[in-house]
Amino acid sequence: TDSPALSGFKRESIVFNGVGGAEVSGTIYDPWTQQTASRTQSWGTVTANFLRVAAEKTRTDLPGGGFATHTVTHTYDTTYGQETTTQDAIAGSTTCTRTTYAHNTTAWLIDFKAATELDNTACATAATPATTVSIQRFSYDNQAYGVAPTKGDMTLLQRLYSFDASNNPLFETKSSTTYDTAGR
């Protein structure tokens with residue numbers, strides 16, 4: 001039987017070539033759940049859970065027979081359910097996107113990215129300057145990179161342009177934004 005936490009989760013979708021036609025493609029979705037709370041009542045215990053897609057496994061019919069496969073795997077933090085890595089594997093090529101967040105838990109400003117990094121490697125492998133494709137850093141409310149937002153206005157976006165001789169990343173400003181007191 002299904003877990004109540006999986007209620008409404010799509011397990012598979014299939015595309016056919018017209019009514020009664022052959023399968024063109026299909027995707028199987030694997031769930032990720034994390035219990036965040038529980039409460040016991042006189043009639044039983046109820047739980048609150050994150051429910052996300054852990055993996056999407058897509059197969060596409062090839063004209064000469066067989067299938068091409070494409071797998072996207074996601075990981076999430078267990079506190080806020082935010083995606084921390086996405087691994088994309090297709091035809092022998094694998095990339096990993098890593099995301100970090102700037103949290104201000106006092107003001108409940110949780111869903112603000114601190115940085116995203118794209119690497120030509122599996123997520124289980126540490127990134128190196130040779131595998132790093134891009135890094136973007138986000139700053140909020142006229143504060144330095146890495147400082148938690150106070151209002152949530154993104155004021156600076158930086159991107160990787162190179163690495164120095166010690167393999168430290170070097171960034172340039174991609175955009176900066178100024179807001180008025182109403183946040184416009």
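In this report, we go over the structure that sits alongside the text.

### Focus: the pairing of strand β2 (residues 23–41)
Okay, so step 1: In the sheet, strand β1 (residues 12–16) pairs with β2 via five bridges, with the strands oriented antiparallel. Within β2, the residue paired with I14 across the bridge is G26.
Okay, so step 2: Hairpin connection between β1 and β2: a loop of six residues separates the two successive antiparallel strands, and G18 in this loop has a positive phi of roughly 80°.
Okay, so step 3: The pairing of β2 with strand β3 (residues 44–61) spans 16 bridges and is antiparallel. Its bridge partner lying in β3, S25 is registered against T60.
Okay, so step 4: Hairpin geometry of β2 and β3 is characterised by an intervening segment of two residues between the two adjacent antiparallel strands.

### Details of the state of the cysteines
The term disulfide refers to a covalent linkage connecting the sulfur atoms of a pair of cysteines.
Okay, so step 1: Tallied over the full model, the rule gives one disulfide.
Okay, so step 2: Between C96 and C123 runs a disulfide, and the two sulfur atoms are separated by 2.1 Å. Its torsion about the S-S bond being 105°, the disulfide of C96 and C123 is classed as right-handed. Placement of C96 in strand β6 (residues 93–101) and of C123 in the loop between β7 (113–119) and β8 (132–140) is noted, with a sequence separation of 27 residues between them.

### Looking at the sheet that holds β1
Okay, so step 1: Taken in spatial order, the ten strands line up as β1-β2-β3-β4-β5-β6-β7-β8-β9-β10 in an open sheet, and their pairing is antiparallel. Sheet topology places β1 and β10 (169–176) at the edges, where each strand pairs with a single neighbour. Mean inter-strand twist for the sheet, computed between neighbouring axes without regard to direction, equals 20°.
Okay, so step 2: Here β8 pairs with strand β9 (residues 154–163) via five bridges, running antiparallel. The residue of β9 that forms the bridge with Q136 is R159.

### Digging into the side chain of D30
Okay, so step 1: Here D30 lies in strand β2.
Okay, so step 2: Polar contacts involving the side chain of D30 include one to the side chain of R11, which spans 2.6 Å.
Okay, so step 3: Aside from chain neighbours lying at most four places away, what touches D30 is F9, R11, R52, V53, A54, A55 and K57.

### Thoughts on the side chain of T85
Okay, so step 1: Secondary-structure assignment places T85 in strand β5 (residues 83–90).
Okay, so step 2: In this structure T85 comes out as buried when scored by relative accessible area, which is 16%.
Okay, so step 3: A distance of 2.3 Å separates a polar atom in the side chain of T85 from a polar atom in the side chain of T75.
Okay, so step 4: Those residues in contact with T85, other than ones at most four positions away along the chain, are T73, H74, T75, C96, T97, R98 and C123.

### Points about the pattern of salt bridges
Okay, so step 1: Applying the stated rule across the entire model yields eight salt bridges.
Okay, so step 2: The salt bridge involving E12 is made with R59; its shortest N-O contact spans 2.9 Å. Taken as a pair, E12 in strand β1 and R59 in strand β3 lie far apart in primary sequence, 47 residues in all.
Okay, so step 3: Among the salt bridges present, the one from R184 reaches D180, with a minimum N-O distance of 3.1 Å.
Okay, so step 4: Given a relative accessible area of 68%, R184 falls into the exposed group.
Okay, so step 5: One network of salt bridges, with partners in common, ties together R11, D30 and K57.

### Observations concerning the packing of aromatic side chains
Okay, so step 1: The final tally for this structure, using the stated rule, is three aromatic pairs.
Okay, so step 2: Both rings, one in F112 and one in Y140, keep their centres 5.3 Å apart while their planes meet at 80°; by these two values the pair is edge-to-face. Taken together, the positions of F112 in the loop between β6 and β7 and Y140 in strand β8 put the pair 28 residues apart, joining distant regions of the chain.
Okay, so step 3: Overall, F112 belongs to the buried group, its relative accessible area being 17%.
Okay, so step 4: A network of ring pairs unites the aromatic residues W32, F50 and Y76 as a single cluster.
Okay, so step 5: The ring centre of Y145 lies 4.2 Å from the NZ or CZ of R137, which sits over that ring.
Okay, so step 6: Its guanidinium or amino end placed over the ring of F171, R137 lies 4.1 Å from that ring's centre, counting from NZ or CZ.

The rules we used
Residues numbered from 1 in each chain as written. Predicted model: local features only at pLDDT ≥ 70, side-chain atom pairs only at ≥ 80, totals over all residues. Heavy atoms only, no water. Pairing = 2+ DSSP bridges. Helix = DSSP H or I, 4+ residues; strand = E, 2+ residues; numbered from the N terminus. Disulfide = S-S within 2.5 Å. Axes fitted to C-alpha atoms, helices over the stretch in contact; angles between N-to-C directions. Polar contact = N/O pair within 3.5 Å; in protein donor to acceptor, adjacent residues only side chain to side chain. Contact = heavy atoms within 4.5 Å. Buried < 20%, exposed > 50% of the residue type's maximum accessible area, 1.4 Å probe, protein only. Salt bridge = Lys/Arg side-chain N within 4 Å of Asp/Glu carboxyl O. Phe/Tyr/Trp six-rings, centres within 6.5 Å; stacked < 30°, edge-to-face > 60°. Lys NZ or Arg CZ within 6 Å of the ring centre and 35° of its normal.

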